[in-house]
Amino acid sequence: MSFTTPTPAPARLNRSELAVPGSRIELFEKAAKSKADAIFLDLEDAVAPRDKEQARKNIISAINDIDWGDKVLSVRINGLDTHYMYRDVVDVLEQAGDRIDLIMIPKVGTASDVYALDMLATQIEAAKGRKKRIGFELIIETALGMQNIHEIAAASKRNESLHFGVADYAASTKAMTTGIGGPNPHYGVLTDKDGDAARDYHWGDMWHYAIARMVVAARANGLRPIDGPFGDFSDPQGYRAQAARAMVLGCEGKWAIHPSQIALANDVYSPSDAEITKAKRILEAMEKAQNEGSGAVALDGRLIDIASIKQAEVMVHQANVIAA
Ligand code: 1VU
Ligand code: GLV
Ligand code: MG
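The model shown is predicted, which means the values in this text are computed figures rather than measured ones. (Residues numbered from 1 in each chain as written. Chains lettered and ligands numbered in written order. Predicted model: local features only at pLDDT ≥ 70, side-chain atom pairs only at ≥ 80, totals over all residues. Heavy atoms only, no water.)

Student: Explain the site of ligand 2 residue by residue, including any values.
Tutor: Close to ligand 2 lie Arg 76, Glu 141, Gly 165, Val 166, Ala 167, Asp 168, Pro 229 and Trp 255. At 2.9 Å from an oxygen atom of ligand 2 is found a side-chain nitrogen or oxygen belonging to Asp 168. Protein chains shield 94% of the accessible area of ligand 2, which is 190 Å² for the free molecule. Looking at which element gives the most residues to the shell around ligand 2, the answer is helix H7 (residues 166-172), with 3 residues. By residue class, the composition of the shell around ligand 2 is 4 nonpolar, 1 polar and 3 charged. (Near = heavy atom within 4 Å. Polar contact = N/O pair within 3.5 Å; in protein donor to acceptor, adjacent residues only side chain to side chain. Areas by Shrake-Rupley, 256 points an atom, 1.4 Å probe, with all protein chains shown as cover. Helix = DSSP H or I, 4+ residues; strand = E, 2+ residues; numbered from the N terminus. Nonpolar A, V, L, I, M, F, W, Y, C, P; charged D, E, K, R; others polar.)

Student: Tell me about the pairing of strand S9 (residues 224-227), residues and numbers included.
Tutor: Residues Arg 224 and Ile 226 of S9 are buried on one face, and the alternating residues Pro 225 and Asp 227, pointing to the opposite face, are buried as well. The pairing of strand S6 (residues 159-164) with S9 spans 4 bridges and is classified as parallel. For Ser 161, the partnering residue across the bridge sits in S9 and is Arg 224. Pairing of S9 with strand S10 (residues 253-256), which is carried by 2 bridges, proceeds in the parallel orientation. Bridge pairing in S10 places Asp 227 opposite Lys 254. Chirality of the crossover, the property in question, places the unit of S9, helix H9 (residues 236-249) and S10 among those that are right-handed. (Buried < 20%, exposed > 50% of the residue type's maximum accessible area, 1.4 Å probe, protein only. Pairing = 2+ DSSP bridges. Right-handed = clockwise from strand over helix to strand, strands pointing away.)

Structure below.
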C-alpha cells in the first residue's frame, strides 16, 4: 500500500437516489415513503426558470415538515453559472433545519467551483451556528468536469460522492445521441468481413470510460461513485443492465428518476445470498491458508490470494451495511 491513505467519506447507504423536482410538491410525501436510500430535491434542471423561487420555498418547507425517516436527504442547487445558485445555498442552509445532509452541486467544472461552495457553506454554518456540517455530492457531467475530475474530487473535505450526469455529459461532449443513459445502436463493433463466421454486430457500452474514470477519482479520494439517470423508465431490463455494469466497475448506487427504478437499484446494488456466501467462503479459506503459512491457495479450482481477502471484504462489508 502507499503511505497515503484516502480518508473515507461518512458511510451512507446510497444504492438508490431518487430525483424529485422541487416544483412538484405532490411527489414529496411519496418520495419520503419510498424505499429509496437517498433523495435529492431538485432546484436545477427539473424545474422551469419561472418556478425556481417557488421550488426553493417548497423544498425548505418540505425539509422542515416532512418525516424523511432515515433517508439521506440532499438538495440539488442550480449551477455556478446561474444567478439562482447563491440564493439556493443561502436560503436552504439558513432556513432548512439540520435534517438536510447534503448539497448536490451540478456541472462542477473545476476544483475552484467546489472551493467557492465550501467557502459559502462554511460562512453560513458559522453565522447560523449550524451544528451539522453539510456534505457535498458533485455531478460530473461536462467535458471540463471530466478533465478536472481528480482535482475536483480532492477539492473539499465536504465531498462525499461523485455522480455521473450522463445527459449533460452527452450534450457537453457533443455525443450524437438523445437518449439518457444506456447504449446506442451506433456504438458497436462489427466482426471483420474476412472472418470465417457470419458477421456479428455487438453493441458496446459508450459510457464505460466516463464511469470508470469517475470510479477511480472517487475511490482515490475516499468518495462514493454513483451512476446517474436512466431516462427510459419503461425499460426496467435496460436500467438493470446499466446499473449492473456500473456496479461491477465500482459504483455504489444509481439514480432513480421514477419510483419504479428504486427497487431495481436496491436489488442490483445489494449482493445476493450466493455472492455473500462465496465471499465468506473465500475469507474462511484464506484464514485457514494463512494459519497454515500459505498466501495463495485453490478454492473450487480457482486461485485465491491475499487480494481475494480485500475483494471479499468489499462484498461482505456492503452486505453488513445493508443489513444494519
Ligand atoms: O401512483 P401515484 O399517482 O400516486 O404516483 C405516481 C407519481 O406521482 C409518482 N412519482 C413520483 N414519486 C416520487 N418521486 C418521483 N420522482 C416521482 N415520479 C413519479 O409515481 C407514480 C407513477 O408516476 P407516473 O408513471 O404517472 O409518472 P409521471 O408521469 O407523473 O412522471 C414521470 C416523470 C419522469 C416526469 C417523473 O417521474 C419525474 O418528474 N421524475 C423526476 C425527474 C427529475 O427529477 N429529473 C432530474 C434528474 S435527471 C437529470 O437531471 C437529467 C436527465
Ligand atoms: C444529470 O444531471 C444528467 O445530466 O444526466
Ligand atoms: Mg445534468
